[in-house]
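Chain by chain, the residues run as shown.
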2 protein chains.
Amino acid sequence: MTTSDKVELAVIGRQRPAVIEALSAEFTLHEVSLDDVAGSLGPAAERIRGALSNPMIGLSAATMDALPKLEITTLFGVGLERTDLVAARERGIVVTTTPVLYEDVADTAVVLAMDVARKITSGDRWVRAGKWAAGGQAASGKRFSGKRAGILGMGRIGRMLAKRLEAFDMEIAYYDPRPAPDVDYTLHPTSVELARESDFLFLCAAGGPGVGHVVDADTLAALGPEGIFVNVARGWLVDEAALVDVVTTGTIAGAGLDVFSDEPNVPAALVESENVVLLPHIASNTFETRDDMDRCVIENMRSWFSTGKAITPVPAPVQ
Amino acid sequence: MTTSDKVELAVIGRQRPAVIEALSAEFTLHEVSLDDVAGSLGPAAERIRGALSNPMIGLSAATMDALPKLEITTLFGVGLERTDLVAARERGIVVTTTPVLYEDVADTAVVLAMDVARKITSGDRWVRAGKWAAGGQAASGKRFSGKRAGILGMGRIGRMLAKRLEAFDMEIAYYDPRPAPDVDYTLHPTSVELARESDFLFLCAAGGPGVGHVVDADTLAALGPEGIFVNVARGWLVDEAALVDVVTTGTIAGAGLDVFSDEPNVPAALVESENVVLLPHIASNTFETRDDMDRCVIENMRSWFSTGKAITPVPAPVQ
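Counting starts from 1 at the beginning of each chain's written sequence and moves along it residue by residue. Going through the entries in the order they are written, you letter the chains from A and number the ligands from 1. In keeping with the model being predicted, local features are shown solely for residues with a pLDDT of at least 70 and side-chain atom pairs are shown and tallied solely at 80 or more, while totals for entire chains, interfaces and linings include all residues. For the side-chain quantities, the full set of heavy atoms in the structure was used; hydrogens and water were omitted.

Regarding the overall build of chain A
Runs of H or I in DSSP of at least four residues are treated as helices and runs of E of at least two as strands, each being numbered from the N terminus. Looking only at helices and strands, one finds twelve helices and twelve strands in chain A. Since a compact globule built from 319 residues should have a radius of gyration of about 20 Å, the 22 Å found for chain A is in line with a globular shape. Note on contacts: a residue pair qualifies if any of its non-hydrogen atoms lie within 4.5 Å across the two residues. Taking the contacts inside chain A whose residues are at least 6 apart along the sequence as the reference set, 59% of them involve residues at least 24 apart. Measuring between centres, the 29 positive side-chain charges of chain A sit 3 Å from its 43 negative side-chain charges. Within these notes, the globule rule equals 2.2 Å times the number of residues to the 0.38 power, and the radius of gyration is based on C-alpha atoms. Charged residues are defined narrowly, with Lys and Arg counted positive, Asp and Glu counted negative, and His plus the chain ends left uncounted. To locate a charge, take atom NZ for lysine, CZ for arginine, CG for aspartate or CD for glutamate.

Quick look at the sheet that holds strand β8 (residues 186-187) of chain B
In a beta sheet, neighbouring strands pair by backbone hydrogen bonds and run either parallel or antiparallel. All names here are of chain B. Pairing between two strands requires that DSSP report at least two bridges joining them. Spatially, the seven strands line up as an open sheet ordered β8-β7-β6-β9-β10-β11-β12, and their pairing is parallel. Strands at the two margins of the open sheet, each flanked by one partner only, are β8 and β12 (276-278). Pairing of strand β6 (residues 148-152) with strand β9 (residues 200-203) involves four bridges; the strand directions are parallel. The residue bridging Ile151 from the neighbouring strand is Phe202, located in β9.

Examining the relation of the copies chain B and chain A
In superposing the copies, a least-squares fit is computed on C-alpha atoms, taking residues whose pLDDT is at least 70 in both. In screw terms, the move from chain B to chain A is a rotation of 180° and a rise of 0.0 Å along the axis, fitting with an RMSD of 0.1 Å. Both copies are brought into coincidence by an operation consistent with a two-fold rotation axis. Of the C-alpha atoms belonging to chain B, the one lying closest to the rotation axis is found on Thr121(B), 2.5 Å away. With an isologous cut-off of 70% or more, the 100% of interface residues of chain B that recur at the interface of chain A puts this contact in the isologous class.

Section: the packing of aromatic side chains
Aromatic ring pairs are defined here through the distance separating the ring centres and the angle between the ring planes. A pair of aromatic rings is counted whenever rings of Phe, Tyr or Trp (Trp by its six-membered ring) have centres within 6.5 Å, and the orientation is called stacked for planes under 30 degrees apart, edge-to-face for over 60 and tilted otherwise. Taken as a whole, this structure holds eleven aromatic pairs over all chains when the rule is applied. Between Phe168(A) and Phe168(B), the ring centres sit 6.4 Å apart and the planes meet at 85°, which makes this aromatic pair edge-to-face. Taken as a pair, Phe168(A) in the loop between α7 (156-166) and β7 (171-175) and Phe168(B) in the loop between α7 (156-166) and β7 (171-175) lie in two separate chains rather than in one. Judged by its relative accessible area of 0%, Phe168(A) falls in the buried class. With a centroid separation of 6.4 Å and 25° between ring planes, the pair formed by Phe200(B) and Phe202(B) is classed as stacked. Throughout this description, buried means an accessible area under 20% of the type-specific maximum (1.4 Å probe, protein chains only), exposed means over 50%, and partly exposed covers the range between. Accessibility expressed as a relative area gives 2% for Phe200(B), which makes it buried. On the accessibility criterion, Phe202(B) (0% relative accessible area) is buried. Grouped by ring-pair contacts, the aromatic residues Phe144(A), Phe168(A), Phe200(A), Phe202(A), Phe144(B), Phe168(B), Phe200(B) and Phe202(B) constitute a single cluster.

What about the domain arrangement of chain A?
Residues and elements named next belong to chain A. When the domains of chain A are assigned, the result is domain 1 (3-100 + 288-307) and domain 2 (102-278). For the purposes of this description, domain bounds are those given by an automatic or database domain assignment. Summarising the inter-unit geometry, the C-alpha centres of domain 1 and domain 2 are found 33 Å apart. Note on terms: buried area is the combined drop in 1.4 Å-probe accessible area of two parts once they are placed together, counting the loss on both. Overall, the association of domain 1 and domain 2 removes approximately 800 Å² of surface from exposure, summing both partners, and the carbon and sulfur fraction of that is 54%. By the criterion of area lost to domain 2, the three top residues of domain 1 are Met56, Glu81 and Pro99, representing 58% of everything that side buries. Think of a salt bridge as a Lys or Arg side-chain nitrogen and an Asp or Glu carboxyl oxygen that are within 4 Å of each other. Summed over the shared surface of domain 1 and domain 2, the number is one salt bridge. Note that Glu81 is salt-bridged to Arg234, the shortest N-O span being 2.4 Å. Classifying every residue of the side of domain 1 that touches domain 2 gives five nonpolar, two polar and two charged. Note that Gly is not counted as nonpolar here; it falls among the polar residues with everything else outside the nonpolar set of Ala, Val, Leu, Ile, Met, Phe, Trp, Tyr, Cys and Pro and the charged set of Asp, Glu, Lys and Arg.

Remarks on the sheet that holds strand β3 (residues 48-53) of chain A
Residues and elements named next belong to chain A. Taken together, five strands build an open sheet; the order of strands is β2-β1-β3-β4-β5 and the sheet is parallel. Two strands bound the open sheet, and with one partner strand each, they are β2 (28-32) and β5 (94-96). Strand-to-strand, the axes of this sheet are offset by a mean angle of 20°, without reference to chain direction. Orientation is described by axes fitted as lines to C-alpha atoms, over the contacting stretch for helices, and by angles from 0 to 180 degrees between their N-to-C directions. On top of the sheet, helix α12 (residues 287-307) reaches β1 (8-12), β3, β4 (72-75) and β5; it is set at about 170° to β4, its chief contact.

Things to note about the packing of helix α1 (residues 17-24) of chain A against α12(A)
Residue and element names in this part refer to chain A. Running from N to C, α1 and α12 point in directions that differ by 25°, and their axes come no closer than 9 Å. Taken together, the axes of α1 and α12 lie roughly parallel to each other. The two elements α1 and α12 cross, and the hand of that crossing is right-handed. Packed against α1, whose contacting residues are Ala18, Val19, Ala22 and Leu23, the element α12 presents Asp294, Val297, Ile298 and Met301 at the interface. Of the residues assigned to the contact of α1 with α12, the class counts are seven nonpolar, no polar and one charged. Any angle from 65 to 115 degrees is called roughly perpendicular, while one under 35 is roughly parallel, one over 145 is roughly antiparallel, and all others are oblique. Left-handed describes a crossing whose near helix is turned anticlockwise from the far helix by less than a right angle; the clockwise case is right-handed.

Quick look at empty space enclosed by the protein
Once rolled over the atoms, a probe with the size of a water molecule shows which space is left empty. All names here are of chain A. Cavities and pockets were defined on a 1 Å grid built from protein atoms only: a cavity is a group of points that admits a 1.4 Å probe but offers it no way out, a pocket is an open group of points flanked by protein on both sides within 12 Å along at least five of seven lines, and a lining residue is one with an atom within 4 Å of any such point. Grid points are joined across faces, edges and corners, and a volume is the space filled by probe spheres set on the points. A complete count under the given rule lists one cavity of 30 Å³ or more for this structure. As a volume, the largest cavity reaches approximately 40 Å³. In terms of lining, the largest cavity is formed by Asn231, Gly235, Val238, Glu240, Leu243, Leu257, Val259, Phe260 and Leu270. When its residues are assigned to classes, the lining of the largest cavity shows six nonpolar, two polar and one charged.

Some remarks on the interface of chain B and chain A
With 61 residues of chain B at the interface, the matching set in chain A holds 61 residues. At the junction of chain B with chain A, the criterion picks out eleven salt bridges. With a shortest N-O distance of 3.8 Å, Asp104(B) and Arg143(A) are connected by a salt bridge. Two N or O atoms form a polar contact when they lie within 3.5 Å of each other; inside protein one atom must be a possible hydrogen donor and the other a possible acceptor, and for residues adjacent in sequence the pair counts only when both atoms belong to side chains. The tally of links between chain B and chain A comes to 41 residue pairs in polar contact (both at pLDDT 80 or more).

Describing helix α5 (residues 102-118) of chain B
Residues and elements named next belong to chain B. Between the first and last residue of a helix there are one fewer steps than residues, each counted as 1.5 Å, and that sum is the expected span. Between its first and last C-alpha atoms α5 spans 24 Å; for 17 residues at 1.5 Å apiece the expected length is 24 Å, and the two agree. When you tally the buried positions in α5, you get 16 out of 17 residues, the bulk of the element. Just downstream of α5 lies Lys119, where phi reads positive at about 60°.

Brief notes about the pattern of salt bridges
As enumerated under the stated definition, the model contains 45 salt bridges over all chains in all. For Arg91(A), the salt bridge identified is with Glu90(A), shortest N-O distance 3.9 Å. Here the salt bridges share partners, and the residues they tie into one network are Asp104(A), Asp292(A), Arg295(A), Arg118(B) and Arg143(B).

Some words on the pairing of β3(A)
Residues and elements named next belong to chain A. With five of six residues buried, β3 is to be regarded as a mostly interior element. Sheet topology note: the β1/β3 ladder contains four bridges and is parallel. In the sheet register, Glu8 faces β3, and the bridge partner there is Ile48. The pairing of β3 with β4 spans four bridges and is parallel. Across the sheet, Leu52 pairs through a bridge with Thr74, a residue of β4. For the segment spanning β3, helix α3 (residues 61-66) and β4, crossover handedness is right-handed. Here a crossover is taken to be right-handed if, once the strands point away from the viewer, the path from the first strand over the helix to the second is traced clockwise.

Right, here's the structure in full:
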């Protein structure tokens with residue numbers, strides 16, 4: 001097979017080396033400039049049949065227009081808010097995700113909540129600064145077990161989180177615009193009412209086009225001065241200015257944040273705060289899960305071009 | 001009632017202000033120098049009927065000898081390794097602990113393991129240092145859920161830990177010189193064999209007089225380069241020099257440590273390591289639990305001197 005016989009793929013945004021290496025053996029890959037998809041591809045744009053992207057970049061209708069032969073797009077992750085599913089459906093483009101990361105994200109939610117409550121990261125900082133050896137008295141934390149957990153978004157991650165929190169004897173409640181009929185947890189009518197009845201408020205909601213702030217200033221205020229907020233979803237689902245305000249004024253006790261509105265930038269007031277734990281969007285970033293996600297992307301692409309079937313396609317949106 | 005009518009208590013080592021305040025209203029309290037118990041009390045030594053201590057100081061036979069009228073000692077905690085229970089039994093001295101802290105300690109074991117595996121504290125450090133904003137690629141962690149947990153010591157903390165880890169779909173095994181007939185977890189015949197079959201090794205054993213290193217160099221080596229060690233028990237139950245060696249050479253992947261051999265001193269090589277999380281002995285240090293422990297000490301003392309019964313006495317050792 002010569003190079004020109006191979007199916008051609010567009011590589012949109014940062015992709016994992018293992019994926020590039022595996023697919024390069026079977027496909028011809030073209031790196032794409034995000035600023036000028038058609039221009040950076042030149043004549044190859046007309047031949048691209050598959051695209052590799054990730055949820056933070058997604059696939060816009062404009063990019064689809066630039067790639068008229070596009071059949072499939074793989075997203076390295078599960079978020080769909082930057083991929084135009086309606087436009088994809090209209091063009092017959094299959095979109096696949098990597099639905100193998102839920103456990104890691106649920107784990108991250110648990111560890112962030114416990115870390116903030118029990119002062120783990122700040123305690124480590126205190127020990128490393130020599131303050132314990134100098135005779136200081138360690139700060140007390142808040143108990144984690146037995147508290148009230150509020151989960152915003154009872155999807156797959158929310159359910160896995162709830163299962164974990166049950167083992168800590170927590171009372172679990174949730175808010176979801178689509179109530180989950182198969183769970184027994186208390187459903188509150190609004191985010192604000194959930195926050196008011198929670199010691200820990202976990203944001204596990206999916207973002208989507210047109211979704212505004214799921215957590216706004218009122219929700220954070222309702223959480224109260226003993227409350228801890230955890231975000232493993234998306235930064236832009238939270239009013240970040242309000243979050244900075246409630247953390248720095250003590251309106252809430254603290255926050256554990258894996259995601260931010262303008263990554264990789266984190267508001268300076270949070271970087272200076274002792275009451276937060278700040279992660280670089282690593283909720284699904286484990287060797288094991290990234291390997292599983294690699295395989296998922298590779299196998300979707302292989303399967304589509306050998307059998308005409310994707311392995312983990314996103315259902316087409318309801319018309 | 002004049003001061004001289006009040007029962008007199010010795011205060012041995014640091015005690016919580018709330019305990020001192022509450023008991024001062026009903027008892028006459030005397031602070032004791034640890035170097036010279038009898039000398040620092042003077043004639044009051046002959047009148048002391050109760051003592052407040054903590055597990056890290058305990059109550060020696062020599063101190064009992066210096067307090068001939070001693071009836072009861074409260075320990076603020078649950079460790080008994082520095083209290084001479086045989087000498088207490090011989091003298092008819094009741095020893096009480098505060099068995100209200102197990103959940104917090106089990107929680108700390110979980111968060112330490114997850115924190116090391118998922119690079120939470122080191123990730124926060126990385127974000128705060130501006131390395132994410134500067135365009136760096138975050139380090140991957142290890143998956144926590146679904147792994148193999150080895151628990152050294154299947155007592156109350158070990159059981160609560162196991163319950164929590166089950167919710168993370170972990171395979172649980174243990175080693176305990178006294179096997180627990182009521183649990184279904186796999187029992188290994190030695191610490192080394194448990195370590196060899198574990199991704200996470202949790203030390204939850206009770207210390208006791210004459211107990212040497214429960215975790216030695218061989219056990220740590222058996223854990224291997226992907227293994228993570230967690231200690232929420234006592235620093236002196238581990239060969240700390242061997243621990244420093246395996247962490248700094250990569251013989252194990254990392255460690256989460258709440259306790260050390262010579263607190264508050266932490267080996268410099270650990271302070272400089274990126275693969276450890278270091279806590280200032282806070283496994284039970286939450287506001288809620290410390291309040292419960294305060295009440296437990298206060299109520300034991302009150303109950304003993306009003307009814308002749310302690311609330312949470314330690315069973316006398318078998319002769």
